[in-house]
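# Analysis of the macromolecular model
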Amino acid sequence: MRLPRGVRRLFRLDVRRKEFIRDALDEELRFHLDARIAQLLDRGLSPTAARDEAMRRLGSSVDPSHNPVHRSAQRKEQRMAFRESIDGVIQDVRYAARGLAKRPAFTLVAVMTLAIGIGANTAIFSAVNAVLLRTLPYRDPAQLTDIVLTAPKGVEFPWSWQKFEVFRDASRNYSSMALHLTQQATLSGPNPERAPIEWVSAAYLHTLGVGVAMGHDFDADEDAGPNAPKRALISDALWQRRFSADPAVVGKTVRIDGDDCEVIGVLPPTFRGLSGTAEALLPIGAGDSASMTQPWSLEYDLVGRLKPGVTAAQATAEAARAGTLAFDRYPFTKDMLTTADAAKWSATARSLNSVRAAPVVQRSLLVLFAAVGMVLLIACVNLANLLLGRAATRRQEIGVRLAIGAGRGRLVRLLLAESLLLAAIGGVASVTLAWWGVHLLQHLNPADALQAQGIGPGIAGSGFDAIRLDPVALGFTFAVTLVAGVWFGLVPALQATRPSLTDHLRDSGAGRMSARLGATRRALVIAEVALALVLLAGSGLMLRSLGRLMAVNPGFTSDHILTIRTAFPPGALSPDSLPGFYERLQARLAAVPGVTGVALADCPPLNGGCNGTIMTFPDRPQSVTGNAMIGVHWVSPNWFGALHVPLIRGRMFAPGDAAGAPRVVLINEAAAKQYFPHEDPIGKAVKIYQGGFDKGATVIGIVGDVRFGTIDSVARPDSYISTGQSHVERLVIFLRTSVDPASVSSAARRAIAEIAPGNPVYDIRTMAARVGNATAQARFSALLLAIFAAVALALAVMGIYGVMSFGVVQRTREIGIRMALGAERGSVVGMVMAEGARLAGVGGVIGVAAALALTRVLRSLLYDVAPSDPATYAGVVLVVAAAVVVASWIPARRAASVEPTEALRS
Amino acid sequence: MPAAPSLLKGTLDVLVLKALAREPMHGFEITVWIEAHSEGFLAVDDGALYQALHRMEARSLVRAEWGITDNNRRARYYSMTPEGRRHLRRAAADLVRYAHAVVAILAEGR
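Small disclaimer: the values here were computed from a predicted structure and weren't measured. (Residues numbered from 1 in each chain as written. Chains lettered and ligands numbered in written order. Predicted model: local features only at pLDDT ≥ 70, side-chain atom pairs only at ≥ 80, totals over all residues. Heavy atoms only, no water.)

### Concerning the overall build of chain B
In terms of regular secondary structure, chain B is built from five helices and three strands. For chain B, the sequential pattern of α-helices and β-strands runs α-α-β-α-α-β-β-α. Across the 110 residues that make up chain B, the buried fraction comes to 42%. Restricting to contacts in chain B with at least 6 residues of sequence separation, those with at least 24 account for 50%. Taken as a whole, chain B presents about 6700 Å² of accessible surface, with 56% of it coming from carbon and sulfur. (Helix = DSSP H or I, 4+ residues; strand = E, 2+ residues; numbered from the N terminus. Buried < 20%, exposed > 50% of the residue type's maximum accessible area, 1.4 Å probe, protein only. Contact = heavy atoms within 4.5 Å. Areas by Shrake-Rupley, 256 points an atom, 1.4 Å probe, with all protein chains shown as cover.)

### Examining the overall build of chain A
Regarding its fold elements, chain A presents 28 helices and 22 strands. Expressed as a percentage of its 906 residues, the buried residues of chain A come to 51%. When contacts within chain A are restricted to residue pairs at least 6 apart in sequence, long-range pairs at least 24 apart make up 81% of them. Carbon and sulfur atoms provide 60% of the accessible area of chain A, an area that totals close to 39200 Å².

### Describing the state of the cysteines
Residue and element names in this part refer to chain A. Within this structure, the stated rule accounts for one disulfide over all chains. At a sulfur-sulfur separation of 1.8 Å, the disulfide partner of Cys-603 is Cys-610. Classification of the bridge connecting Cys-603 and Cys-610 rests on its S-S torsion, roughly -70°, and on that basis the disulfide is left-handed. Exposure remark for Cys-603: the relative accessible area of 6% places this residue in the buried category. The exposure class assigned to Cys-610 is partly exposed, which follows from its relative accessible area of 26%. (Disulfide = S-S within 2.5 Å.)

### A word on empty space enclosed by the protein
Residue and element names in this part refer to chain A. Counted by the stated rule, this structure contains two cavities of 30 Å³ or more. By volume, the largest cavity amounts to about 70 Å³. Leu-387, Arg-390, Ala-391, Arg-394, Leu-415, Glu-418, Gly-489, Pro-492 and Ala-493 together form the lining of the largest cavity. Looking at the lining of the largest cavity, the elements that each hand over two or more residues are α12 (359-393), α14 (408-444) and α16 (471-497). Lining of the second largest cavity is provided by Val-529, Ala-532, Leu-793, Ala-796, Val-797, Ile-800, Val-880, Ala-883 and Val-884. (1 Å grid on protein atoms, 1.4 Å probe; cavity = no way out; pocket = protein on both sides within 12 Å on 5 of 7 lines; lining within 4 Å. Points joined across faces, edges and corners; volume = space filled by probe spheres on them.)

### What to know about the packing of aromatic side chains
Tallying each qualifying case throughout the model produces 16 aromatic pairs over all chains. Grouping aromatic residues by their ring pairs yields a cluster made of Trp-639, Phe-640, Phe-653, Phe-708, Tyr-720 and Phe-734 of chain A. Cation over ring: Arg-663 of chain A sits above Phe-693 of chain A, and NZ or CZ is 5.8 Å from the ring centre. Between the NZ or CZ atom of Arg-74 of chain B and the centre of the ring of Trp-66 of chain B, over which it lies, the distance is 4.2 Å. (Phe/Tyr/Trp six-rings, centres within 6.5 Å; stacked < 30°, edge-to-face > 60°. Lys NZ or Arg CZ within 6 Å of the ring centre and 35° of its normal.)

### Section: the confidence of the model for chain B
Residues and elements named next belong to chain B. Within chain B, residue pLDDT values average 89, and 97% of them lie at 70 or more. No element of chain B has a lower mean pLDDT than helix α1 (residues 5-9), which averages 76, and none a higher one than strand β1 (residues 25-26), which averages 94. Both confidence scores are given for the complex: pTM 0.68, ipTM 0.89. (pLDDT = per-residue confidence, 0-100.)

### A short note on the packing of helix α2 (residues 12-20) of chain B against helix α4 (residues 46-58) of chain B
All names here are of chain B. Their axes nearest at 10 Å, the elements α2 and α4 cross at an angle of 80°. Here α2 is positioned roughly perpendicular relative to α4, judged by the angle of their axes. Contacts between α2 and α4 involve Leu-12, Asp-13, Val-16 and Leu-17 from the former and Ala-48, Leu-49, Ala-52, Leu-53, Arg-55 and Met-56 from the latter. Considered class by class, the residues forming the contact of α2 with α4 number eight nonpolar, no polar and two charged. (Axes fitted to C-alpha atoms, helices over the stretch in contact; angles between N-to-C directions. Parallel < 35°, antiparallel > 145°, perpendicular 65-115°, else oblique. Nonpolar A, V, L, I, M, F, W, Y, C, P; charged D, E, K, R; others polar.)

### Re the confidence of the model for chain A
Residue and element names in this part refer to chain A. Within chain A, residue pLDDT values average 82, and 89% of them lie at 70 or more. Counting contacts from residues 1-16, a segment whose pLDDT is below 50, to residues more than four positions away or on other chains yields 18 contacts. Here residues 504-510 scores under 50 on pLDDT; set against residues more than four positions off or in separate chains, the count is 17 contacts.

### Observations regarding the nonpolar core
Residue and element names in this part refer to chain A. Counting residues in hydrophobic clusters, the biggest one holds 103 residues, and the most contacted among them are Trp-639, Phe-640, Tyr-720, Phe-734 and Phe-788. Looking at this core, the element that brings in the most residues is helix α24 (residues 776-810), giving 16 residues. Those residues in contact with Trp-639 that lie beyond four places of it in its chain are Ala-599, Leu-600, Ala-601, Pro-605, Val-645, Val-706, Phe-708, Tyr-720 and Phe-734. Trp-161, Ala-170, Trp-239 and Met-292 belong to the second-largest nonpolar core, a separate cluster that totals 44 residues. (Core = buried A, V, L, I, M, F, W, Y, C linked by side-chain atoms within 4.5 Å.)

### So, unusual backbone geometry
Generally, phi is negative for residues other than glycine and the peptide bonds are trans, each holding for most cases. Residues and elements named next belong to chain A. Not every positive phi belongs to a glycine, and Ala-245 is a case in point at roughly 55°. Of note, Ala-245 is situated in the loop between α8 (236-243) and β7 (253-256). The class of Ala-245 is partly exposed, set by a relative accessible area of 28%.

### Section: the pattern of salt bridges
Residue and element names in this part refer to chain A. Summed over the entire model, instances satisfying the criterion amount to 35 salt bridges over all chains. The residue Asp-246 makes a salt bridge to Lys-252 at a minimum N-O spacing of 2.4 Å. On the basis of relative accessible area, Asp-246 is assigned to the buried category, the value being 18%. Relative accessible area serves as the criterion here: at 37%, Lys-252 is assigned to the partly exposed category. Salt-bridge contacts for Glu-679 lead to Lys-684; the nearest nitrogen and oxygen are separated by 3.2 Å. Glu-679 gets classed as partly exposed once you look at its relative accessible area, which sits at 32%. You can call Lys-684 partly exposed: its relative accessible area is 24%. Overlapping salt bridges, with partners in common, bring together Glu-193, Arg-241, Arg-242, Arg-272 and Glu-279 in one network. (Salt bridge = Lys/Arg side-chain N within 4 Å of Asp/Glu carboxyl O.)

### Here we look at the interface of chain B and chain A
Interface size is commonly expressed as the accessible surface area that is lost when the partners come together. Across the contact, 24 residues belong to chain B and 23 residues belong to chain A. Linking chain B to chain A there are five salt bridges. Along the contact surface separating chain B from chain A lie 11 residue pairs in polar contact (both at pLDDT 80 or more). Elements with a contribution of two residues or more to the side of chain B that touches chain A: α3 (27-37), α4 and β3 (74-80) of chain B. Considering every element that reaches the side of chain B that touches chain A, the biggest residue donor is α4 of chain B, with eight residues. Of the residues contributing to the side of chain B that touches chain A, the split by class is 10 nonpolar, seven polar and seven charged. (Polar contact = N/O pair within 3.5 Å; in protein donor to acceptor, adjacent residues only side chain to side chain.)

### A few points about helix α27 (residues 870-896) of chain A
Residue and element names in this part refer to chain A. Between the first and last C-alpha of α27 there are 37 Å, a value that for 27 residues agrees with the 39 Å anticipated at 1.5 Å per step. Along its length, α27 reaches its greatest deviation from straightness, about 30°, at Trp-889, and the proline Pro-891 lies no more than four positions downstream. Within α27 the residues assigned to the buried category are Thr-872, Tyr-873, Val-876, Val-880, Ala-883, Val-884, Ala-887, Ser-888, Pro-891, Ala-892, Ala-895 and Ala-896. (Expected span 1.5 Å × (residues − 1). Bend = angle between axes of the 7 residues up to and from the residue.)

### Some details on the side chain of Ser-346 of chain A
All names here are of chain A. Take Ser-346: it is sitting in strand β11 (residues 346-351). Given a relative accessible area of 14%, Ser-346 falls into the buried group. Here the side chain of Ser-346 touches Ala-320 through a polar contact of 3.4 Å, landing on its backbone oxygen. Residues contacting Ser-346, with those up to four places away along its chain left out, are Val-148, Leu-149, Thr-150, Ala-319, Ala-320, Gly-323, Thr-324 and Phe-327.

### Here we look at the sheet that holds strand β2 (residues 62-68) of chain B
Whether parallel or antiparallel, the strands of a sheet pair through hydrogen bonds between backbone atoms. Strands sit in the order β1-β3-β2 (chain B) across an open sheet of three strands; the sheet is antiparallel. Edge positions in the sheet fall to β1 and β2 of chain B, since each has one partner strand and no second. (Pairing = 2+ DSSP bridges.)

### Focus on α2 of chain B
Extensive coverage of α2 of chain B is indicated by the burial of seven of its nine residues. Buried within α2 of chain B are the following residues: Leu-12, Asp-13, Val-14, Val-16, Leu-17, Ala-19 and Leu-20 of chain B.

### Some details on the environment of Gly-692 of chain A
Residues and elements named next belong to chain A. With respect to the helices, strands and loops of the structure, Gly-692 is situated in the loop between β18 (685-688) and β19 (697-703). On the basis of relative accessible area, Gly-692 is assigned to the partly exposed category, the value being 26%. A sequence separation of 29 residues divides Gly-692 from Arg-663, and the C-alpha atoms of the two residues are 9.3 Å apart.

### Side note on the environment of Val-714 of chain A
Position of Val-714 of chain A relative to the elements: it lies in the loop between β19 and β20 (718-722). For the pair Val-714 of chain A and Ala-670 of chain A, spaced 44 residues apart in sequence, the C-alpha separation works out to 9.2 Å.

Below is the structure:
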C-alpha cells in the first residue's frame, strides 16, 4: 500500500530518490519522443525515419551514459540529493529543537551536565597546553637540553665555570651551550629597585636561537673574565621604563649592583631570559672573580643545543662521560674526594621541555587532567542515561515510525540529531565556563606561589600566566563536544531502535525493551558511582594531606610578623661598617609605632631553600662519601626570640660573639642528630665553608628545626652564624608587631629609606602570607579535586535518582498490585531503596578497587597520608552511601504513595 | 532554411522563458512554439532543450510538475518562476540591444 504523501512527509520516510528521478526523466523523454515521432509522421516521414530523426534530435542515438540529457539529469540528481540531505539535516535539527523545547527540565539538566564536563576539561586542558604542551618560544626547541651535574645518589647540582669548560670541550653532540644564573640585583637610579638579572655566558642568546631587537649580542671575548668590561643587554621593559624607549640607548649605561654597565643592546619584547623575568643579561665574565675561578662552586645552570640528528640516548651517554671527566679534573671540593668517588659523579642531559615547569606543578596538572576527564566521563554517562530514559519514553513513537517503514538508520539519525544539538548547546555553554575556569586558574596560579617560594621558576612562556582559551583549547572543546554528542547519543539511539517492529507495539515487547534499557541504565549508574568514588577518594586524600600540611609546625610562629627585604649594592658599605649599620637600622625600625621587635637574617623561612655548603669536622678523619651538607644562615642574635625558635641545649649568641672573638655557631636539631648521633655537639669544632668559617668554629647551642625549604620537606641540617661575626649585604628584616603587621609596612619602608637611601626595599610580605604560599600548591590541587569530586558526586546522585525514578514509573502497576495484595508502604520504600543500594554497592566495590589502583599516582603529591589511607576510604564510602540514600529516598517515597486502585486502572 | 544551432546556443534560455511566459508547457510544446513563432527558422534541438530546462530548474528560473495532456497522458509541465520572469526581462532587453548593435554594424559594413 502506498501511503499518502502527507503521511510520508510527516514521518520523513526516505523517497527512493535516484530511481525516482531517472524514472521521471525516462517517462518525460518517452512522451517527448512519441510526440516528435507523431509530428514527423504527419509530415510524411516513414515510421523508421521518423523514429531515427526523433532519436537524433533528442541526442539518444549515442551511448546513454554519454547522453548529454542523461548527464544533465545526473547533475540534477546530485543537486537534489545534496539539497535534500541539507533539508533533512535542517528538519532533523528543527525536530530535535522542538523536542528539547518541550522538555525544558531534561534539556537544562543535559546541557548543564555537558557544559560542566566539557568546560572544566577545556579549562584544565588550557593549563596543560600552556604549561606542558605548547612549544617553547625558541628556535627548534626540541634541540634544547638542560644539563645538570649529578651526585652519586642522584642529587642534582649546578655548574662551576671550570667544570663547564671541561664538559664543553669533551662534548661533540652540541652545536652550542651556555651557562646562566638568575639573581636579584639592585638597579640604581631615582627609584632604586631590586630586579632579577641573568648572568650568562656569551653564547646564551645564540644557543636559545634568540636575536636582539636593537644593538648587538655578546662577543665570545665576554667570556674571557673574570672582571671583563661590564656590559648589559637590557629587557624591552627596562628600556621603556628607565630610558623612555630612547632609540639611542646603545652605549649608555645602567647601574646594576653598584657597577655602571654599558648597554650594548635591547632584548625582544617577548624575551626576558629563560627565567622569564630578567630585566638584564650580564656576561658572567663581567662578574667577580670567585664565580669563574672556584671550580667547586655550584652556581650556574647549563643549557645546550644539540646538533641536528643527535638522539636523546646519545646526549645522555655523552653527558655522563663528559660530566665524569669534569669531576675527574675538578672534584667536588678541592681536597675532599678521592678519584674513586669522583668517578661516581656525572652529568645528566634532558630535554629543556621536560623542566619547563616545577615537577610538582606538572604532576598536579596531570592528576587534575585525569580527574577532570573522569568528570567528563561521568557527565557523558549521565547524558547517555538521560537519553536512554528519553528513548524509553518514546518507544511507542519509534515503534510507529518503524511500522510505517522508517529505516533504522533514519531514526538513529533523528535521535542523534537530538544528542548532537544538546552537545552543541552544552559546548557553547562550556566555553563560558571554560573562560571562567581559565581566569580561576590564573588567579590560583600555584606556579606563581612556588616561584614566590623560590621553587622551580620554570621556563619562560610556559607558566600559568600563559594560559589562554586559544584555538587549540577551543579545538579541544569542539572535539570533545563532537565525541560526546556522537558517542553518547549513538548508544541510546541504537538501543532504542534495535527491537523489531512487533516488540515496540506489543506490551510484552515494550516490557522487554524497557528491561533492556533499564539494564543498560543500571550498568551506567554503576559505572558512574565507581568513577565518582575514585574522584572522591582522590580528593579526600588530597584534602587529608592538606590538613596534615596545614598542621605542620614550621618551627616558628608567623603571627604578627612582617618581613621586608633590602640589599646594598656590592661594596656600598665596607665590611667593618656593616655591624654599625645593622644596629642603626634595627634601632630606627624599633621606633616605628606598632613594632615591638626587629631581627635580621639573610633568608626567610619557607623560601624554597636557602644558602648551603659543606661542613667538616677537624677532629674526625675526612669523610669522602655522604658529605656533611649544611644550610648556612646569618641571623641577628635576637632573631630566634622574634620568631620564637626555641633553644634546645647550650646557649644563644651573646653580645660578646662579635668580630674578633672566637667564631661560634648554632646548629639545629636535625644537624645534631645527623652529624653528632652519638655525642654531644656542644663545644665541638666544625668548619663551615662560608662567611670565613672555613677556618673553624665552635658549636655553642642547639635550636629547634625551622623549615627553610618547603613546608612538606623534612627539616634539614642548618647552622646559624651571628651577624656580629660575619656580614651579608642582602637582608631580610623581621618586624614583630603589636598591630596588624601589614599596617606598618609604609612606615617601615620610610624608615629604611632614611637609613639607606640607595637601597631597594622589596618583597614586603607578612610571615603568615609566606606560610600561606607554602601550602598554595597543595591547596590548588586539593581545591580543584574537591570541586571535581563534588560535581562528580552531584552527577552520580542525579544519575541514581533518574534511574530510580524511571524504575518506579515503570513498576507503578506492579507496585499497585503488591499494595493491593497487602504490601506495607514501608516494604515498598525498602524495595526501591534496596535497588539503589544494590547499584551503589556494586559501583562502590568497583570504585574502591579502581581508587586503590589509581590513587597511587597521587603518592608524590600527598603529605603524611598513604594512598590507601583507610580513614579516607571509610569517609568516602560513607559519603557515597549517604548520597545513594538521598537519591533513592524521593523515588521510594513516590512509590510508596502509589494508590493501588489508580495503579491498577492505569 | 533553419538557423544554425550555434546561433541558438546563446539565446535558447530566453526563448524557452518567453515560451513559458504565457502558460506552462511540456518540452515538446516548447519546441513547437519556438518553431511556429520563428516561422520555422529556429528549430530547437530536443536534447539541448532538456539540458536548458534542467539548468534553469537548478537556477530556480523554471519549475516542473507532472500534468495530464489532452490525450490523457502524463507529461512534465514547465512553468516560469518569478525569478525566471525577472531574468527574462533583463535577458530580453540585453538581447534586443545586442541585435540592434549587430544590425548597425552589418549596415555600416554595406
